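One-letter residues, chain by chain:
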Amino acid sequence: MKLFKKLAAAVLAAALALTMVGCGGGNSYTMQNELLKVTIDKLTDIGETVTQSKKADEMAAALLAAADTAAAQEANNGKDAENLLLDPAVIKAAKIDPEKTPCVVNLIDDVQFKSSGMMGEFLKIEWMGQVTSLENFDSIGTFNPSDDDKVEIGAATHKIGDKSYILILVTYTTSTT
């Protein structure tokens, strides 16, 4: 019976430790999804109908990967991540055609919050509201969807150089009607 109690206590302690790890910082994928949802809410609030799509997720991932590749080139020493992301050569390497698939992008530092509890959640929510401001988005091409166009959003997380970023990308498909 004593052995059972010791095993049960060890299992309970391990389970509690694992749940506490989840409370502190979170992970990049969780933060990416939260930032994506906040951005969708902000776009919905201004009257846009937005759908998360695999196409937009893939565009965001390709753009981050192309920027990371460019960051490793000697010619780009000293360029910050945002400038790399908007570089026409990087956009081309990501196979994004600004004329056919215009988009807006928001590059966000992948912050891992350490604080927990009510104050930690408050700080995280406040930060998320600031970094997802629609004023933080930069255009690639002429982004001007009409009311009939299908607006799509996607996100990806990737390192550019030695720093991790989350990219929110919004694009649209022109309606044929």
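Just above, that's the structure.
About the thresholds
Residues numbered from 1 in each chain as written. Predicted model: local features only at pLDDT ≥ 70, side-chain atom pairs only at ≥ 80, totals over all residues. Heavy atoms only, no water. Helix = DSSP H or I, 4+ residues; strand = E, 2+ residues; numbered from the N terminus. Buried < 20%, exposed > 50% of the residue type's maximum accessible area, 1.4 Å probe, protein only. Contact = heavy atoms within 4.5 Å. Pairing = 2+ DSSP bridges. Expected span 1.5 Å × (residues − 1). Arc of directions from axis to C-beta. Axes fitted to C-alpha atoms, helices over the stretch in contact; angles between N-to-C directions.

1. Description of the side chain of Thr 101
On the secondary structure map, Thr 101 appears in the loop between α5 (88–93) and β2 (103–109). On the basis of relative accessibility, which here comes to 17%, the residue Thr 101 falls in the buried class. Those residues in contact with Thr 101 that sit more than four places away from it in its chain are Lys 55, Met 59, Ile 96 and Thr 171.

2. With respect to the pairing of strand β5 (residues 163–173)
Counting buried residues along β5, eight of its eleven residues qualify, which places the element largely inside the surrounding structure. Bridge analysis of β2 against β5 gives seven bridges, and the strand direction is antiparallel. Each bridged residue has a counterpart across the sheet, and for Asn 106 the counterpart in β5 is Ile 168. Across eleven bridges, the pairing between strand β4 (residues 150–160) and β5 is antiparallel. Looking at β5, one finds that Ala 155 is bridged to Ile 168. In this antiparallel pair of consecutive strands, β4 and β5, the connection spans two residues, and Gly 161 shows a positive phi of 70°.

3. What about the pairing of β2?
In terms of residue burial, β2 counts as a mostly covered element, since six of its seven residues are buried. Where β2 meets strand β3 (residues 138–140), three bridges bridge the pair, whose relative direction is antiparallel. Bridging from a neighbouring strand, Val 105 pairs with Asp 138 of β3.

4. Comments concerning helix α3 (residues 54–71)
For α3, spanning 18 residues, the distance from its first C-alpha to its last is 26 Å, which sits close to the expected 26 Å at 1.5 Å a residue. Buried residues of α3: Ala 56, Met 59, Ala 60, Leu 63, Leu 64, Ala 66, Ala 67 and Ala 70, and no others. Take α3 and look down its axis: the buried residues cluster within an arc of 160°, on one side only. Summarising the geometry of α3, the exposed residues directed more than 90 degrees from the buried face are Lys 54 and Thr 69. Among the structural elements, α4 (81–85), α5, β2, β3, β4 and β5 are those in contact with the buried residues of α3.

5. Some words on helix α6 (residues 117–131)
Over its 15 residues, α6 runs 21 Å from end to end, which matches the ideal 21 Å to within 8%, given 1.5 Å per residue. Those residues of α6 not exposed but buried are Gly 120, Trp 127, Met 128 and Val 131. The buried residues of α6 all sit within an arc of 100° when viewed along its axis, so they share a single face. What points out from α6, more than 90 degrees from its buried face, is the exposed set Met 118, Met 119, Ile 125 and Gln 130.

6. A few points about the sheet that holds β3
Note: strands within a sheet are paired through backbone hydrogen bonds, in either parallel or antiparallel orientation. Reading across the sheet, the five strands line up as β1-β4-β5-β2-β3 and stay open at both edges, with mixed pairing between neighbours. Edge strands, defined here as strands with exactly one partner in the open sheet, are β1 (50–52) and β3. Put simply, the sheet's adjacent strands are angled 30° from each other on average, direction ignored. Relative to β4, β1 runs parallel, the two being bridged by three bridges. From the neighbouring strand, Thr 51 faces β4, where its bridge partner is Glu 152.

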